[in-house]
Each structure stands twice: as structure tokens, then as C-alpha cells.
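Observations on the model geometry
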Amino acid sequence: MNTPAGYFDSQYAHATDPWHLGERWYDRRKYTLTVAALPRSRYARAFEPGCSVGVLTEFLAARCDQLLSTDRIASAVETTARRTTGMDHITVRQMTVPEQWPTESFDLVVLSELLYYFDTSTRTALLQQSVESLSEGGHLVTVHWNHPVEEHTCTGRDIADRLDALSGLSGLARYDDPDFTLTVHEHRPDPGPVLSPARAEGLV
Ligand SMILES: C[S@@+](CC[C@H](N)C(=O)[O-])C[C@H]1O[C@@H](n2cnc3c(N)ncnc32)[C@H](O)[C@@H]1O
């Protein structure tokens, strides 16, 4: 079963930043590692569903020409919009995935601390939509908590273990921390070598 909508309503009814994402070194380090793992220095159009209060949004903003960040909760969308005031290349919208999904194509999709709120079939549908939204050579980044939580259907390691089986994705990088697992995949409709950062600059 997907985590019920009421869980998120109740989290934001009691706090502006329910997971304290803007306060801890743990999260700042994880966001720094997430953007450090991005294979390209710049992305033309990125999508970040489940942005919460927009802390990762700010990190991504520095690497993207355009970034669409969304959340199902109106107050989270307002906080992210406030945090990114003046950054005209960031669009913040209220959107519940996977039912609502942007029609445009992206060269980066970032799923951070989101996929464990879905049952297996919804998670697979969301991942397939992410792959379909990626232009050829685009990147899918996932990063998720590894410890058991009542509202979570799986861990970051579980998510990472199943990603390679999805068609159209080739693994570029995986980082396993005791606390979270981070993956980077390239959208490659055909088999062949991934365009690693060194290959992209002609070093191999
Ligand atoms: C734990 S927070 C993660 C925030 C951010 N991605 C990060 O890594 O810092 C999860 C966020 O996902 C949002 N969310 C959960 N289910 C969602 C859905 N189906 N569609 C859009 N947002 C969702 C919640 O409202 C919450 O703000």
C-alpha cells in the first residue's frame, strides 16, 4: 500500500520542515554527495518530484539551466518557492506523482527520499515514467534512507538493487553509506558503454 496522503498532510500540519531537512549536517552532507555524483557539470532541464521545503532544490539549482520542483503538499511548495525567490530558472508546482506528471522531457530526474512511500507496482510505474521522461543520455538519480521506518515500504538498498532490472537504464554509479544509498543511471535505449564523465571528455 502507498503511504496515505493523510500522513503527509499531518506532517506538514505540525511543522514547516517536518524532517528538519534544512538543519542537519547529515542532510547537508547527503545533498553535497548527491550533486557531486552528477556526471555532467550542467543540465538543461531537470525534474525533482517530492521537493519538500526545497533544500536539495537549492543545491540542484546551481547545476541546472531549468529545474521543475514539485510536491503534493501546498505548504511545502510555498516554502520551496520562498526559498528559491529570485531564481527565475526554478519552477515550483504542486503535483502528486505518479498520477500527475509533467509532459516535457528532462535530461535529469532526481528521486530523493520519495520512492519508499509507494508499493512495488506504483514505484515501478513512477520509475518507468521517469525513464520515459528522460532524453537519451539523460540521468536518473535516486537517494534513499537505509534504516527501517514504519511508513516506508523499502530501503534505499532495496531500491538500488532493483533499478538495474528496469529497461532503458544503465548503471553509472552507486554509493552505499550505512544510512543511505545513492544511485546514478543513464537512460540508454540501446545497450552500449555508458557515457562516463571521462568518456564524455575524450579521456577514454
Ligand atoms: C522525506 S521528504 C523528501 C524531500 C526531498 N526530496 C529531500 O530529499 O530532501 C518527502 C516529500 O515527498 C512528498 N511526497 C510524498 N509523496 C508524494 C507524491 N506522491 N507526489 C509528490 N510528492 C510527494 C512529501 O510531501 C514530502 O515533502
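Higher on the page you've got the structure.
Now for a look at the structure at hand. For clarity, every value in this text was computed on a predicted model and none was experimentally measured.

What follows covers the environment of Ser112. Tracing the chain through its elements places Ser112 in strand E4 (residues 106-112). Accessibility expressed as a relative area gives 10% for Ser112, which makes it buried. Aside from chain neighbours lying at most four places away, what touches Ser112 is Gly50, Leu56, Val143 and His144.

On to the sheet that holds strand E6 (residues 169-176), then. With respect to topology, 7 strands assemble into an open sheet ordered E3-E2-E1-E4-E5-E7-E6, the strand pairing being mixed. On the outer flanks of this sheet lie strand E3 (90-94) and E6, each paired with one strand and no other. Strand-to-strand, the axes of this sheet are offset by a mean angle of 15°, without reference to chain direction. Seen against the sheet, helix H5 (residues 120-133) touches E4, strand E5 (134-145), E6 and strand E7 (180-187) and runs at an angle of roughly 145° to E5.

With that settled, the discussion passes to the site of the ligand. Taken together, 19 residues surround the ligand, and among them Tyr12, Tyr31, Gly50, Asp71 and Ser112 come closest. Contact between the ligand and Ser112: an oxygen atom at 2.5 Å from a side-chain N or O atom of the residue. Within the complex, the protein chains bury 98% of what would otherwise be the 600 Å² of accessible surface of the ligand. Judged by its atoms lying within 2 Å of the grid points, the ligand is housed in the largest pocket. Looking at the shell around the ligand, its residues break down into 12 nonpolar, 4 polar and 3 charged.

Criteria and cut-off values
- Residues numbered from 1 in each chain as written.
- Predicted model: local features only at pLDDT ≥ 70, side-chain atom pairs only at ≥ 80, totals over all residues.
- Heavy atoms only, no water.
- Helix = DSSP H or I, 4+ residues; strand = E, 2+ residues; numbered from the N terminus.
- Buried < 20%, exposed > 50% of the residue type's maximum accessible area, 1.4 Å probe, protein only.
- Contact = heavy atoms within 4.5 Å.
- Pairing = 2+ DSSP bridges.
- Axes fitted to C-alpha atoms, helices over the stretch in contact; angles between N-to-C directions.
- Near = heavy atom within 4 Å.
- Polar contact = N/O pair within 3.5 Å; in protein donor to acceptor, adjacent residues only side chain to side chain.
- Areas by Shrake-Rupley, 256 points an atom, 1.4 Å probe, with all protein chains shown as cover.
- 1 Å grid on protein atoms, 1.4 Å probe; cavity = no way out; pocket = protein on both sides within 12 Å on 5 of 7 lines; lining within 4 Å.
- Sits in = over half its atoms within 2 Å of the grid points.
- Nonpolar A, V, L, I, M, F, W, Y, C, P; charged D, E, K, R; others polar.

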